[in-house]
Amino acid sequence: MAREMPDEVIKAYLQDAIAAERNFETQLRQFAREGENEFVQRLFMQHADETQLQHQRLSARLKEIGGSPSTLKSVLAHMLGFVPKAGQMFHDESERVVQNLMMACAVENSEIAMYEALATVAAAAGDSETEALARSIQIQERQTADKIWSQIAQTARASFQKLERQQAGGGEFRHAS
């Protein structure tokens, strides 16, 4: 296997980040259409807009250093991005927002790690512009992860209480084990 030059490694990390951000933007917009929690819906939509700007900034940086986004990585990210939604098939509709928050929390923390790797590689290669870009996006991801985290417990509690009321009122309480 041929040894990659530092700029090729940075391009690959940027391509990965672009594919991840494009995929997550699609998921966030879908999450924003689900459930009845307007605060969480707005949170998802605001972060979808922020995510769109992030992948635009990443794409511009990739272009500046002579690269282009990877179609294959984008297609794979989109295909794999819908796998976690399949797990929601066995949850009541009222639990979807909680499940979406859990997935978003996992993705945000994954992105924090992704930007740590990109910033570290860029710094090691002496690419201070890419390092600064990665750090600035990483800060946004940390802030969003905190906002999402803060919604999980109260949303799960509200969902559970709704399910209890449905069961008490003779409604169906279904949850696959």
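The structure contained in this document is the topic of the report that follows.

1. Some words on the overall build of the protein chain
Reasoning step 1: What the protein chain contains, in helices and strands, is six helices and zero strands.
Reasoning step 2: Sequence-ordered secondary structure for the protein chain, helices as α and strands as β, is α-α-α-α-α-α.
Reasoning step 3: Going through the 177 residues of the protein chain one by one, you find that 41% of them count as buried.
Reasoning step 4: Taking the contacts inside the protein chain whose residues are at least 6 apart along the sequence as the reference set, 77% of them involve residues at least 24 apart.
Reasoning step 5: Entry remark: accessible area of the protein chain is about 9800 Å², with carbon and sulfur atoms responsible for 57%.

2. What about the nonpolar core?
Reasoning step 1: Among the nonpolar cores identified, the biggest contains 15 residues, and Leu28, Phe31, Val40, Phe44, Leu101, Ala104 and Ile148 are the most heavily contacted of them.
Reasoning step 2: For this core, the secondary-structure elements that each account for two or more residues are helix H1 (6–32), helix H2 (38–64), helix H5 (96–125) and helix H6 (128–168).
Reasoning step 3: Among the elements that line this core, the one with the most residues is H5, at five residues.
Reasoning step 4: Of all hydrophobic cores here, the second largest spans 14 residues; its members include Ile18, Leu62, Met114 and Leu118.

3. A closer look at the pattern of salt bridges
Reasoning step 1: With the rule as written, the count across this model stands at eight salt bridges.
Reasoning step 2: Salt-bridge contacts for Glu25 lead to Arg29; the nearest nitrogen and oxygen are separated by 3.0 Å. Of this pair, Glu25 and Arg29 both sit in helix H1, four residues apart, which is roughly one turn of that helix.
Reasoning step 3: Glu64 serves as the salt-bridge partner of Arg61, at 2.9 Å between the closest nitrogen and oxygen. Placement of both Arg61 and Glu64 in helix H2 is noted, with a separation of three residues, approximately one turn of the helix.

4. Some points on the packing of H5 against H6
Reasoning step 1: Close contact between H5 and H6 brings their axes to 8 Å; oriented N to C, the two are set at 160°. Classed by the angle they form, the pair H5 and H6 counts as roughly antiparallel. Handedness of the crossing formed by H5 with H6: left-handed.
Reasoning step 2: Broken down by class, the residue content of the contact of H5 with H6 amounts to 18 nonpolar, eight polar and seven charged.

5. Some thoughts on H5
Reasoning step 1: In a regular helix each residue adds 1.5 Å, so 30 residues correspond to 44 Å; H5 covers 43 Å between its end C-alpha atoms and thus fits that length.
Reasoning step 2: A positive phi of about 80° marks Gly126, the residue just after H5.

6. Thoughts on the environment of Ala132
Reasoning step 1: Relative to the helices and strands, Ala132 resides in helix H6.
Reasoning step 2: Considering only alpha carbons, one finds Ala132 and Ala122, ten residues apart in sequence, at a separation of 8.9 Å.

About the cut-offs
- Residues numbered from 1 in each chain as written.
- Predicted model: local features only at pLDDT ≥ 70, side-chain atom pairs only at ≥ 80, totals over all residues.
- Heavy atoms only, no water.
- Helix = DSSP H or I, 4+ residues; strand = E, 2+ residues; numbered from the N terminus.
- Buried < 20%, exposed > 50% of the residue type's maximum accessible area, 1.4 Å probe, protein only.
- Contact = heavy atoms within 4.5 Å.
- Areas by Shrake-Rupley, 256 points an atom, 1.4 Å probe, with all protein chains shown as cover.
- Core = buried A, V, L, I, M, F, W, Y, C linked by side-chain atoms within 4.5 Å.
- Salt bridge = Lys/Arg side-chain N within 4 Å of Asp/Glu carboxyl O.
- Axes fitted to C-alpha atoms, helices over the stretch in contact; angles between N-to-C directions.
- Parallel < 35°, antiparallel > 145°, perpendicular 65-115°, else oblique.
- Left-handed = near helix turned anticlockwise from the far one by under 90°.
- Nonpolar A, V, L, I, M, F, W, Y, C, P; charged D, E, K, R; others polar.
- Expected span 1.5 Å × (residues − 1).

Honestly, that's just the spatial picture; any functional story needs more than this.
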